[in-house]
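Understanding the architecture of this molecule
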Amino acid sequence: MKYVSTRGAAPVLDFEEVLLAGLARDGGLYLPETWPQFSAEEIRALARLDYAELAARIARPFVGGAIPDDELDGIFAEAYAGFDHAAVAPLKQLDRQVWFLELFHGPTLAFKDMAMQVLGRLFDHVLARRGERVTIVGATSGDTGAAAIEACRDRSQIEIFILHPEGRVSEVQRRQMTTVTAANVHNIAIQGTFDDCQDLVKAMFNDAAFRDEMRLSAVNSINWARVMAQIAYYFAAAAALGAPERAVSFAVPTGNFGNIFAGYAARAMGLPIERLYVGSNSNDILARTIATGDMAMAEVVPTHSPAMDIQVSSNFERLLFELYGRDGAAVAALLEGFRASGACALEAGALAALRQVFAGHRLDDRETVAEMARLYRATGETVDPHSAIGIATARALAGDSETPVIALGTAHPAKFPEAVELACGMSPDLPARLADLFEREERCLVLPNDLSEVQDAVRARLGPGRGRLAS
Ligand SMILES: *Cc1c(COP(=O)(O)O)cnc(C)c1O
């Protein structure tokens, strides 16, 4: 399988190169040159596999032989072995039409684990074979850092440094990161804001000598392999409800558009998905774009669903590439205009193609809490604010269609106890695996917001030659 950039001006790469590269050299994102197709017979056969087997089967054509099938199966088996639920991603019926797919049974209680657990192992596997090591650096405002740390801990070819703003992440979020004491995990609390952390990471990448010396790399949400690993649960859930004989729709609480784009990919691969519903909070650029055809940036406002407090959804670029007939130059021009003025208008043909598959719905914080409370009264289920937006979106947009709608559950309610308390008047328990989180020892380096101090700390922890090619 070959991969092309959404801006059409970067070299065509193979799977292994795309995995390690992340962003394309022309600033675009990588996509497979063609969508592999799954026949009705092949989709039917998926229903007999367990989740890890199914996910490996879906990944195979994308990996394109870069990793032998039996080794790929092993990577997926290991990635999901540590999940708290035997089904990995259990599917629950909420009412006549709406189903709830729980994607939060991994180590950090959010759906990011579904892909990150695979990504860390894919990195390790490919690097070991090439005799290389990398140093992952990232900034986090809370959740992504924990998922990245859990994905990279104890991986032999990876050192990971995660910067978080000191005192500005919740205690659970901090402890999920700082209590991981694996030797290759390094937490740094910066005396500053999340933006300061992000600027430090950017500055480290922009320092070419440092970047090369340390072999810096990232595991951010634009990495193709993360999207790839998410396609599987669309197939698994649809097959469980009767695909390929019966079509389904999905409702997805959306931030960076990586999760729902995996649904689009599943549809392009032959899975009968009728509609994809985008759930937004008050930061609703995507819902507005679908409704009006104008993509216009607004100020980011903080909400109960912080993982969706985003104005520029980086993975939306992948969909634009598809909507514009894979014309990289047209996508580059459109996004240049958007970056310059904060707004751009979709072409009529692209907008029609968008609306054929996608619809959007928006909930503010009050409506989100009301949905959490309603669901608790009606079913006894406590859900987190992000998941509640997905469920409310499913109910609002399904109308009187007979097609079942699967709402994606993206975080465990215990990750957002304040909102659950507000909506349901009770506080959800942490799952057993985290029950002793508050007793565990923490390890974290505190540093001022100063580039050279952070670089010195990274260098000191890697030791001489640690970042270089191993022989
Ligand atoms: C990351 C995240 C989202 C948004 O997913 P995208 O792929 O960025 O659209 C939604 N909910 C939770 C809990 C998340 O962590």
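Here goes a summary of the coordinates provided. (Residues numbered from 1 in each chain as written. Predicted model: local features only at pLDDT ≥ 70, side-chain atom pairs only at ≥ 80, totals over all residues. Heavy atoms only, no water.)

Attention now moves to the overall build of the chain. Each helix and strand counted, the chain has 19 helices and 16 strands in total. Computed over the C-alpha atoms, the radius of gyration of the chain is 21 Å, within 12% of the 23 Å expected from 2.2 N^0.38 for a compact globule of 471 residues. When its C-alpha atoms are laid out on the principal axes, the chain stretches across 65 × 50 × 50 Å. Relative to its 471 residues, the chain shows a buried fraction of 57%. By element, 49% of the accessible surface of the chain is carried by carbon and sulfur atoms, the whole surface being about 18,200 Å². Here the chain contributes 44 positive and 61 negative side-chain charges, whose respective centroids are spaced 2 Å apart. (Helix = DSSP H or I, 4+ residues; strand = E, 2+ residues; numbered from the N terminus. Rg over C-alpha atoms; globule rule 2.2 N^0.38 Å. Buried < 20%, exposed > 50% of the residue type's maximum accessible area, 1.4 Å probe, protein only. Areas by Shrake-Rupley, 256 points an atom, 1.4 Å probe, with all protein chains shown as cover. Lys, Arg positive; Asp, Glu negative; His and termini not counted. Charge placed at Lys NZ, Arg CZ, Asp CG, Glu CD.)

With 13 residues, helix α8 (residues 194-206) ought to run about 18 Å at 1.5 Å a step, and its terminal C-alpha atoms sit 18 Å apart, in line with that. Restricting attention to buried positions, one finds in α8 the residues Cys197, Leu200, Val201 and Met204. On an axial view of α8, the arc spanned by its buried residues comes to 95°, and they lie on one face. Pointing more than 90 degrees away from the buried face of α8 are the exposed residues Lys202 and Asn206. Considering only its buried residues, α8 is in contact with β6 (134-139), β7 (158-165), β8 (185-191), α9 (208-214), β9 (216-217) and α19 (451-462). Where α8 starts, the residue carrying a side-chain oxygen 3.3 Å from the main-chain nitrogen of aspartate 195 turns out to be threonine 193. (Expected span 1.5 Å × (residues − 1). Arc of directions from axis to C-beta. Contact = heavy atoms within 4.5 Å. Polar contact = N/O pair within 3.5 Å; in protein donor to acceptor, adjacent residues only side chain to side chain.)

A few words on the packing of helix α13 (residues 316-323) against helix α15 (residues 348-357). Look at α13 against α15: their axes get within 9 Å of each other, and the N-to-C directions meet at 115°. Between α13 and α15, the angle falls in the class roughly perpendicular. Read as a crossing pair, α13 and α15 show a hand that is right-handed. Contact with α13, carried on its side by Phe316, Leu319 and Leu323, involves Ala350, Ala353 and Leu354 of α15 and no other residues of that element. (Axes fitted to C-alpha atoms, helices over the stretch in contact; angles between N-to-C directions. Parallel < 35°, antiparallel > 145°, perpendicular 65-115°, else oblique. Left-handed = near helix turned anticlockwise from the far one by under 90°.)

This part covers the site of the ligand. The full set close to the ligand counts 13 residues, and Lys112, Gly255, Asn256, Asn259 and Thr410 are the nearest of them. Measuring from an oxygen atom of the ligand, one finds a backbone N or O atom of asparagine 256 at 2.7 Å. Between an oxygen atom of the ligand and a main-chain N or O atom of asparagine 259, the distance comes to 2.9 Å. Isolated, the ligand exposes 380 Å² of accessible area, and the fraction of that covered by the protein chains is 95%. (Near = heavy atom within 4 Å.)

Turning our attention to the side chain of histidine 105. Checked against the element boundaries, histidine 105 lands in the loop between β5 (98-102) and α5 (112-130). A residue is classified by how much of its surface remains accessible, and histidine 105, at 13% relative accessible area, is buried. Setting aside residues no more than four positions away along its own chain, histidine 105 makes contact with Phe83, Asp84, His85, Val88, Pro90 and Arg433.

Moving on: the nonpolar core. Membership of the largest hydrophobic core comes to 114 residues, with the highest contact counts inside it found for Tyr80, Trp224, Tyr234, Phe235 and Phe358. Broken down by element, this core gets its largest block of residues, 13 residues, from helix α10 (residues 224-240). With residues near it in sequence (within four places) discarded, phenylalanine 358 still touches Phe257, Ile260, Tyr264, Arg275, Leu276, Val278, Ile290 and Leu319. (Core = buried A, V, L, I, M, F, W, Y, C linked by side-chain atoms within 4.5 Å.)

Moving on: the environment of alanine 350. Within the element layout of this structure, alanine 350 appears in helix α15. Accessibility expressed as a relative area gives 1% for alanine 350, which makes it buried. As for alanine 350 and alanine 218, which are separated by 132 residues in sequence, their C-alpha atoms are 31 Å apart.

The next thing to look at is the packing of helix α16 (residues 365-379) against helix α18 (residues 417-424). Running from N to C, α16 and α18 cross one another at 65°; their axes reach a closest spacing of 8 Å. Regarding α16 and α18, the two cross each other, and that crossing is right-handed. For the pair α16 and α18, the contacting residues are Val369, Met372, Ala373 and Tyr376 in the first and Ala419, Val420, Leu422, Ala423 and Cys424 in the second. Partitioning the contact of α16 with α18 into residue classes produces 9 nonpolar, no polar and no charged. (Nonpolar A, V, L, I, M, F, W, Y, C, P; charged D, E, K, R; others polar.)

It is worth spelling out the sheet that holds strand β3 (residues 30-32) at this point. Across the sheet, which stays open at both edges, the 3 strands sit in the order β2-β1-β3 with antiparallel pairing between neighbours. Both edges of this open sheet fall to β2 (13-14) and β3, since each of them pairs with a single strand only. Here 2 bridges tie strand β1 (residues 2-5) to β2, and the two strands are oriented antiparallel to one another. Residue pairing across strands places lysine 2 opposite aspartate 14, the latter belonging to β2. (Pairing = 2+ DSSP bridges.)

So, about the sheet that holds strand β10 (residues 248-253). Strand order in the open sheet formed by 6 strands is β4-β5-β15-β10-β11-β14, and the pairing between neighbours is mixed. This sheet does not close on itself; its edge strands, each paired only once, are β4 (91-93) and β14 (358-362). Ignoring which end each strand starts from, the neighbouring axes of this sheet average 25° apart. Bridge analysis of β10 against strand β15 (residues 405-409) gives 3 bridges, and the strand direction is parallel. Paired with phenylalanine 250 across the two strands is isoleucine 406, which belongs to β15. Lying over the sheet, helix α12 (residues 285-292) contacts β11 (273-280) and β14, oriented at roughly 130° with respect to β14.

What follows covers the environment of glutamine 176. Looking at the element boundaries, glutamine 176 is found in helix α7 (residues 171-178). Owing to a relative accessible area of 5%, glutamine 176 belongs among the buried residues under this scheme. Measuring from C-alpha to C-alpha, the distance between glutamine 176 and histidine 304 comes to 20 Å, with 128 residues separating the pair along the chain. Apart from residues no more than four positions distant in its own chain, glutamine 176 is found in contact with Pro107, Thr108, Leu109, Ala146, Lys415, Leu434 and Leu437.

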